[in-house]
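# Examination of the molecular architecture
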Amino acid sequence: MLSEQIKVVLTEDEMPRQWYNLAADFKKPMLPPLDISGKPIGPDALSAVFPMNLIEQEVSTERWIDIPEEILGYLKLWRPAPLYRARRLEKALGTPARIYYKNEGVSPAGSHKPNTAIAQAWYNKQFGIKKLTTETGAGQWGSALSFACSLVGLECKVYMVRISFDQKPFRKIMMETWGGTCVASPSTETEIGRKILAEDPDTPGSLGIAISEAIEECVRSDDTRYALGSVLNHVMLHQTVIGLEAQQQMKKIGEYPDIIIGCAGGGSNFAGIAFPFINDRMNGRDIRIIATEPEACPTLTRAKFRYDSGDVAMMTPLLPMYSLGHTFVPPPLHAGGLRYHGMAPMVSHALREGHIEAASIGQMECYEAAVLFARTEGFIPAPETAHAIAEAVREAGKATEEGKERVILFNWSGHGLMDLKGYQAYFNGDLGNYPLPDELLQKSEICMQGLPIPG
Ligand SMILES: Cc1ncc(COP(=O)(O)O)c(C=O)c1O
């Protein structure tokens, strides 16, 4: 038993040298982003917020985009990331399924987020930018960008959603260790922050609010740009190294997944593992690809496909996506990175076109799965990652019932070593589920009335 293989590793020479762009392969093209009057926006409209080299990637329909050598050099600090066979979890579940997970928690910041943070910091630096502003939910993205900025040589300012700022104080210290600055959002540093605090001084905050603050600060200076940790096309692109590596790793051991799972907040780690496999599916592979989200923030499973803004103050263009409404403030569940009102337009399009499925899971089932995972596989997962684990456990259960030897692959998007307060609350019996009542869902949609309807 002990001699059986657990890890599948690649050498640095085997790292993917190009990112995969799913936009090249959609039969039905994605809808364009719009301005508030309903007109499609061109690349120039984004130039106050993003550098042109990233905007080019945002609108690209090239299938493969070269990864610059210098970016590969930075990624080698932790990539290729190992693929694990979860043998002990399988045994505990008594399942005939073979469960694999891609461990993205091995990056310096502890999640998949540095895959795009490094790329975004590097392209901004090439463009002559001096400082990046951003938002962060759970703190993973803020730490990833602070880490990337310190390597590449940029200043970094992070607006961290208030509830996570209070729940995860060590994330701020990580950001400061890498030279970044972190403030709780809503803050008194921006107009929108002050306005929201005046209306509701005790608000837990939301990613939508933090994005508004980060953009407001960015547009004040010419040498500052904004970096988004998820949602946008170029972020999905940078994350595809995950799935491209996983494809090679599976091939090395003569396996191929029947089911691929990722948790989805803004959609980036899911896209990272899923998009290269969606390409296989388009080419005839019989696989199921599942995005999982909290039942408290059910964007893919219960929201409508709409044009909506990415932030509360409506500073972003209108994006075609599943959205709960940009004013939606989700309950204070511990998976801070899954509390976003919208979903990446590329992931939304993939769902609309039938390439993927979506499932929602309650907080308690996620913690149960996370604790089982930690007690069998050792690694303590982030609460976001727990949503992927819980779905893998569900699918392994179905394989057991049906007596099928299914191969399940999921993305282990990050570790939970900075998220232990959530575990503490779980062990103390202080956690519960937050199913979203229909009335709240309907109320949160009101803010989208009058916005253009996608065709
Ligand atoms: C560990 C981890 N997993 C998943 C997510 C969700 O983000 P995304 O859907 O962009 O991968 C986050 C976001 O903060 C995260 O920190």
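Above this text sits the structure in question.
A quick note: this is a predicted structure, and the numbers were derived from the prediction, not measured.

## Some details on the nonpolar core
In terms of nonpolar packing, the biggest core is built from 128 residues, with Ala121, Leu145, Ala274, Val347, Ile389 and Ile408 touching the most fellow members. A per-element tally of this core places helix H16 (residues 383–402) first, with 8 residues. Residue contributions to this core reach at least three from each of two domains, namely domain 1 (7–14 + 68–110 + 234–448) and domain 2 (111–231). Not counting residues within four places of it along the chain, the set of residues in contact with Leu145 comprises Ala117, Ala121, Leu132, Thr134, Cys156, Val158 and Ala227.

## Here we look at the packing of helix H15 (residues 363–377) against H16
Where H15 meets H16, the axes come as close as 8 Å, and the angle between the chain directions of the two elements is 85 degrees. The pairing of H15 with H16 is recorded here as roughly perpendicular in orientation. Counting all contacts with H15, which are made through Glu365, Cys366, Tyr367, Ala369, Ala370 and Phe373, the residues of H16 involved are Pro383, Ala386, His387, Ile389, Ala390 and Val393.

## Some thoughts on the sheet that holds strand E7 (residues 155–161)
Read across the sheet, 4 strands follow the order E8-E7-E6-E9 without closing on themselves; strand pairing throughout is parallel. One side of each edge strand has no neighbouring strand; the edge strands of this open sheet are strand E8 (181–185) and strand E9 (224–226). The average undirected angle you get between the axes of adjacent strands in this sheet is 20 degrees. Strand direction decides the pairing type here: strand E6 (residues 131–136) and E7, joined by 6 bridges, are parallel.

## Focus on the site of the ligand
Among the 21 residues in the neighbourhood of the ligand, the closest are listed as Gln140, Ser230, Gly265, Gly337 and Gly414. Going through the elements one at a time, helix H5 (140–152), helix H12 (268–282) and H16 are the ones with two or more residues in the shell around the ligand. The element contributing the most residues to the shell around the ligand is H12, with 3 residues. Partitioned by chemical class, the residues of the shell around the ligand number 7 nonpolar, 13 polar and 1 charged.

## Examining the sheet that holds strand E11 (residues 288–294)
Here we have 7 strands laid out as an open sheet, ordered E1-E4-E5-E15-E10-E11-E14, and mixed in their pairing. Of all the strands in the sheet, the pair left with one neighbour each is strand E1 (7–8) and strand E14 (357–361). Strand direction decides the pairing type here: strand E10 (residues 259–263) and E11, joined by 5 bridges, are parallel. Its bridge partner being in E11, Gly262 is matched across the sheet by Ala291.

## Describing unusual backbone geometry
In this model, Arg79 is joined to Pro80 through a cis peptide bond whose omega is -5 degrees. Tracing the chain through its elements places Pro80 in the loop between helix H2 (69–75) and strand E4 (83–85). Cis rather than trans, the peptide bond between Ser185 and Pro186 has omega equal to 5 degrees. Within the fold, Pro186 resides in the loop between E8 and helix H8 (191–199).

## Some details on the pairing of strand E5 (residues 98–103)
Taken across its 6 residues, E5 has 5 buried, putting it largely inside the fold. Across 3 bridges, E4 lies against E5 in antiparallel orientation. Bridge pairing links Arg85 to Tyr100 in E5. The pairing of E5 with strand E15 (residues 407–412) spans 6 bridges and is classified as parallel. Across the sheet, Tyr100 pairs through a bridge with Leu409, a residue of E15.

Cut-offs applied
- Residues numbered from 1 in each chain as written.
- Predicted model: local features only at pLDDT ≥ 70, side-chain atom pairs only at ≥ 80, totals over all residues.
- Core = buried A, V, L, I, M, F, W, Y, C linked by C-beta atoms within 7 Å.
- Buried ≥ 20, exposed ≤ 12 C-beta atoms within 10 Å, placed from the backbone.
- Helix = DSSP H or I, 4+ residues; strand = E, 2+ residues; numbered from the N terminus.
- Domains from an automatic or database assignment.
- Contact = placed C-beta atoms within 7 Å.
- Axes fitted to C-alpha atoms, helices over the stretch in contact; angles between N-to-C directions.
- Parallel < 35°, antiparallel > 145°, perpendicular 65-115°, else oblique.
- Pairing = 2+ DSSP bridges.
- Near = placed C-beta within 6 Å.
- Nonpolar A, V, L, I, M, F, W, Y, C, P; charged D, E, K, R; others polar.

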